[in-house]
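Now for the letters of each chain:
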Amino acid sequence: MPYSPLADMPEDIRARAARVKLAAFDVDGTLTDGRLWYSEDGRELKAFSVQDGLGLKRLRAHGIEVAIVTARVSHTVALRAEELGLVHVYQGQADKRACLERVLRALHLGPEQSAFVGDDLPDLAAMRLAGLGIAVANAHPWVAARAHWRTQRRGGDGAVREVCDLLLAAHGRAEAELDQWL
């Protein structure tokens, strides 16, 4: 049976996903596995999923804005965002909800037109503001219990791609996306 991101998806989640024009993502624990690696000279290292990266690029190609909203400041995140061509990159954001509100205002969007994907307590207020709050599979239980939807994949291991596929399918773009690569 062919892969379908909308298979067995509740109608409420389909409807929420179809309204999304901005998908915002936490970094540590969402775009990465949440572990922090430090080299001997003190440099921070992070591992990102290549599949997640392609998903983010495909969202943008289909007209869905992508934002990174993270509390930490990391040169590695800036490099990854630049590599993916992301322009909405907000590091050092202690209040992720306020950041999401600013981005929505700048893009002239309402909260119902946004998704926020996270894994831990600092993400919760932004997830609750968004029209579609998504927790990755390994999210803290308090966060997972308050999300509209939860991925099957863990942060840093395909969860972001799962979200991207869901959004593309909800916007009716999954078949066109697949056809482009055949």
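Residues numbered from 1 in each chain as written. Predicted model: local features only at pLDDT ≥ 70, side-chain atom pairs only at ≥ 80, totals over all residues. Heavy atoms only, no water.

Draft legend 1. Molecular detail of the side chain of Asp-52. Relative to the assigned elements, Asp-52 resides in helix α2 (residues 50-61). Excluding anything up to four places from it in sequence, Asp-52 contacts Leu-31, Gly-156, Gly-158, Ala-159, Val-160 and Arg-161. (Helix = DSSP H or I, 4+ residues; strand = E, 2+ residues; numbered from the N terminus. Contact = heavy atoms within 4.5 Å.)

Draft legend 2. Spotlight on the side chain of Ser-49. Structurally, Ser-49 can be placed in the loop between β3 (44-45) and α2. Judged by relative accessible area, which is 13%, Ser-49 ranks as buried. Of note is the side chain of Ser-49, whose polar atom sits 3.2 Å from the backbone nitrogen of Asp-52. If near-sequence neighbours (up to four positions away) are discounted, Ser-49 is found in contact with Leu-31, Arg-80, Gly-156 and Gly-158. (Buried < 20%, exposed > 50% of the residue type's maximum accessible area, 1.4 Å probe, protein only. Polar contact = N/O pair within 3.5 Å; in protein donor to acceptor, adjacent residues only side chain to side chain.)

Draft legend 3. Quick look at the nonpolar core. Phe-25, Leu-59, Leu-100, Leu-132 and Leu-167 are the most contacted members of the largest nonpolar core, which has 53 residues in total. Here this core gets nine residues from one element, more than from any other, and that element is helix α7 (residues 159-170). Ignoring anything within four residues of it in the chain, the contact list for Leu-132 reads Ile-13, Arg-16, Ala-17, Val-20, Ser-114, Ala-115, Phe-116, His-148, Trp-149, Leu-166 and Leu-167. (Core = buried A, V, L, I, M, F, W, Y, C linked by side-chain atoms within 4.5 Å.)

Draft legend 4. Quick peek at the environment of Leu-45. On the secondary structure map, Leu-45 appears in strand β3. On the basis of relative accessible area, Leu-45 is assigned to the partly exposed category, the value being 39%. Expressed as a C-alpha distance, the spacing of Leu-45 and Ser-74, which sit 29 residues apart in the sequence, is 8.9 Å. Beyond its immediate chain neighbours, meaning those up to four positions away, Leu-45 contacts Trp-37 and Ser-39.

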